[in-house]
2 protein chains.
Amino acid sequence: MTWLDDEQQHLWRRWLLLTTRLPAALNRQLQADSDLSLADFDVLVKLSETDGGRVRSRELCAALGWEKSRLSHHLTRMGARGLVERTGAAGDARGSDVVLTPAGRAAIEAAAPAHVDTVRELFFADLTPAQLQALTALTDRVLDRLPD
Amino acid sequence: MTWLDDEQQHLWRRWLLLTTRLPAALNRQLQADSDLSLADFDVLVKLSETDGGRVRSRELCAALGWEKSRLSHHLTRMGARGLVERTGAAGDARGSDVVLTPAGRAAIEAAAPAHVDTVRELFFADLTPAQLQALTALTDRVLDRLPD
DNA sequence: CCCGGTTTGGTGACGTGTCAACGACAGCGG
DNA sequence: CCGCTGTCGTTGACACGTCACCAAACCGGG
């Protein structure tokens, strides 16, 4: 077996740190400012992007890249906080539509500006166009290589 | 408020995807091959790197960058599986030493080779030295900017 | 029409991570 | 020596994700 060399090992540890700390920092900001989690935010964004804030469950799953059970659990929690509602789907009695409530729409609209500012400040600040393209290439390559 | 531009938005979504999918893939490999989680692996690595596999709890916290309560919960679970043990610390009756059991040492030694191979295959494959350095610079810059 | 496989969504159990609070001890100034 | 403050580690409540499983409805071929 070959271990990683020093440079690789350094990068790997920094990477692991970054991929836990950055989401954690964003989560804290979102939680403190708007009482939403990153996951809540993603769901609300997808809902607010559609006409009427109404989306079929399995389409939400696909759009978010989530497992259905994860979405179901999450919607239950968000429903309890009045951000979304579940209604029977039109045309397929198995299905279920997720609807953005007025409170949910208000929450996402209130949360978005500060969140975007934080993302830009923590991640995009001082990122040169060249770095941006390099990183895009990297993420695309690794994602392609991933099973699934 | 200014939203992100198209390139930034693309990168941001890919980034979010990558930082959830890559750890998930590594987790599944570790779990399937060795019945360990990534967190288990990190703990075992730190323990196995020290003489006698015995470390003071708060040093483990610092080394891993974890919160103390997280470590405590995790050690409870790992203890139940026979991977580690807790003993009173020498010299400070408040403290607690974590000790690697023979089973824990066997587990980490069995798991390491396949895990490193997976990391190399999924992340480092085809990563040029230039990309490696660019990415290192990026992670360092973002981490420096992070609160905490 | 019926029957079997598939799709859709939900549930329970479990491992995981955070936060707030606590009890026990250490260490220090009076 | 006493008491105050900080440190160390644990615990309980809760949010989060995954897995295995299930029930209902759909849909195709016979």
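Residues numbered from 1 in each chain as written. Chains lettered and ligands numbered in written order. Predicted model: local features only at pLDDT ≥ 70, side-chain atom pairs only at ≥ 80, totals over all residues. Heavy atoms only, no water.

## So, the overall build of chain A
Here is step 1: Scanning chain A from N- to C-terminus turns up 6 helices and 3 strands.
Here is step 2: Going from N to C terminus, chain A has its helices and strands arranged as α-α-β-α-α-β-β-α-α.
Here is step 3: Taken along its principal axes, the extent of the C-alpha atoms in chain A is 55 × 35 × 25 Å.
Here is step 4: The 148 residues of chain A split such that 47% are buried.
Here is step 5: Long-range pairs, those at least 24 residues apart, make up 51% of the contacts in chain A with a sequence separation of at least 6.
Here is step 6: As presented, chain A carries roughly 7800 Å² of accessible surface, and 52% of it is formed by carbon and sulfur atoms.
Here is step 7: In chain A, 18 side chains carry a positive charge and 21 a negative one; their mean positions are 6 Å apart. (Helix = DSSP H or I, 4+ residues; strand = E, 2+ residues; numbered from the N terminus. Buried < 20%, exposed > 50% of the residue type's maximum accessible area, 1.4 Å probe, protein only. Contact = heavy atoms within 4.5 Å. Areas by Shrake-Rupley, 256 points an atom, 1.4 Å probe, with all protein chains shown as cover. Lys, Arg positive; Asp, Glu negative; His and termini not counted. Charge placed at Lys NZ, Arg CZ, Asp CG, Glu CD.)

## So, the protein's contact with DNA strand D
Here is step 1: Lining the immediate surroundings of DNA strand D are 22 residues, of which Arg70 and Arg77 of chain A together with Arg58, His73 and Arg86 of chain B lie closest.
Here is step 2: The share of sugar and phosphate among atoms of DNA strand D within 4 Å of the protein is 61%.
Here is step 3: His73 of chain B is positioned such that a nitrogen or oxygen atom in its side chain is 2.8 Å from a base oxygen of DNA strand D.
Here is step 4: One nitrogen or oxygen atom from the side chain of Arg86 of chain B is found 2.7 Å from a phosphate oxygen belonging to DNA strand D.
Here is step 5: Of all elements in the fold, only helix H4 (68–80) of chain A together with helix H3 (57–64) and helix H4 (68–80) of chain B reach the threshold of two or more residues within the surface near DNA strand D. (Near = heavy atom within 4 Å. Polar contact = N/O pair within 3.5 Å; in protein donor to acceptor, adjacent residues only side chain to side chain.)

## With respect to the interface of chain A and chain B
Here is step 1: The partner chain B presents 47 residues to the 49 residues of chain A that form the contact.
Here is step 2: In total, about 5400 Å² of surface goes out of reach between chain A and chain B, with carbon and sulfur atoms giving 69% of it.
Here is step 3: Contact with chain B buries surface across chain A, with Leu11, Trp12 and Trp15 of chain A losing the most and accounting together for 12% of the total.
Here is step 4: Counting the contacts that link chain A with chain B gives 4 salt bridges. (Buried area = accessible area lost by both parts, 1.4 Å probe. Salt bridge = Lys/Arg side-chain N within 4 Å of Asp/Glu carboxyl O.)

## So, the protein's contact with DNA strand C
Here is step 1: Taken together, 22 residues form the shell around DNA strand C, and within it Arg56, Arg58, His73 and Arg94 of chain A together with Arg77 of chain B come nearest.
Here is step 2: In the interface set of DNA strand C, defined as its atoms within 4 Å of the protein, sugar plus phosphate atoms amount to 60%.
Here is step 3: Within the side chain of Arg58 of chain A, a nitrogen or oxygen atom sits 2.5 Å from a phosphate oxygen of DNA strand C.
Here is step 4: At 3.0 Å, a side-chain N or O of Glu67 of chain B approaches a phosphate oxygen of DNA strand C.

## Let's talk about the sheet that holds strand E1 (residues 54–56) of chain B
Residue and element names in this part refer to chain B.
Here is step 1: As summarised here, the arrangement of the 3 strands in space is E1-E3-E2, forming an open sheet in which the pairing is antiparallel. One side of each edge strand has no neighbouring strand; the edge strands of this open sheet are E1 and strand E2 (84–88). Here the strands of the sheet are splayed against their neighbours by 30° on average, with no regard to which way each runs.
Here is step 2: The pairing of E1 with strand E3 (residues 96–100) spans 3 bridges and is antiparallel. Bridge assignment links Val55 to a residue of E3, and that residue is Val98. (Pairing = 2+ DSSP bridges. Axes fitted to C-alpha atoms, helices over the stretch in contact; angles between N-to-C directions.)

## A look at the sheet that holds strand E1 (residues 54–56) of chain A
Residue and element names in this part refer to chain A.
Here is step 1: The 3 strands lie next to each other as E1-E3-E2, forming an open sheet whose pairing is antiparallel. Every other strand in the sheet has two partners, leaving E1 and strand E2 (84–88) as the edge strands with one partner each. Neighbour-to-neighbour, the strand axes of the sheet open up by a mean angle of 30°, direction not taken into account.
Here is step 2: Along the sheet, helix H2 (residues 38–48) contacts E1, E2 and strand E3 (96–100); its crossing angle with E3, the most-contacted strand, is approximately 95°.

## Observations regarding the side chain of Asp92 of chain B
Here is step 1: Residue placement: Asp92 of chain B occurs in the loop between E2 and E3.
Here is step 2: Within the local environment of Asp92 of chain B, its side chain forms a polar contact with the side chain of Arg56 of chain B, the two groups lying 3.5 Å apart.

## Remarks on the relation of the copies chain A and chain B
Here is step 1: Each copy of the sequence occupies a distinct position, and chain A is placed on chain B by a rotation of 180° and an axial shift of 0.1 Å, giving an RMSD of 0.1 Å. The symmetry that links the two subunits is that of a two-fold axis. Among all C-alpha atoms of chain A, that of Thr19 of chain A lies closest to the rotation axis, at 3.0 Å.
Here is step 2: Most of the interface of chain A is mirrored in chain B, where 96% of its interface residues are also at the interface. (Least-squares fit on C-alpha atoms with pLDDT ≥ 70 in both.)

## Quick look at the environment of Asp126 of chain A
Here is step 1: Mapped onto the fold, Asp126 of chain A is located in the loop between helix H5 (102–124) and helix H6 (129–145).
Here is step 2: Contact partners of Asp126 of chain A, with chain neighbours within four places excluded, come to Gln131 of chain A together with Arg141 and Arg145 of chain B.

## Digging into H3 of chain B
All names here are of chain B.
Here is step 1: Burial in H3 covers these residues: Ser57, Leu60, Cys61 and Leu64. One side of H3 holds all its buried residues, which, seen down the axis, span an arc of 105°. Along H3, exposed side chains directed more than 90 degrees from the buried face belong to Arg58 and Ala62.
Here is step 2: Contacts from the buried residues of H3 go to helix H2 (38–48), E1, H4 and E3.
Here is step 3: Where H3 ends, the next residue or the one after it, Gly65, has phi of about 70°, a positive value. (Arc of directions from axis to C-beta.)

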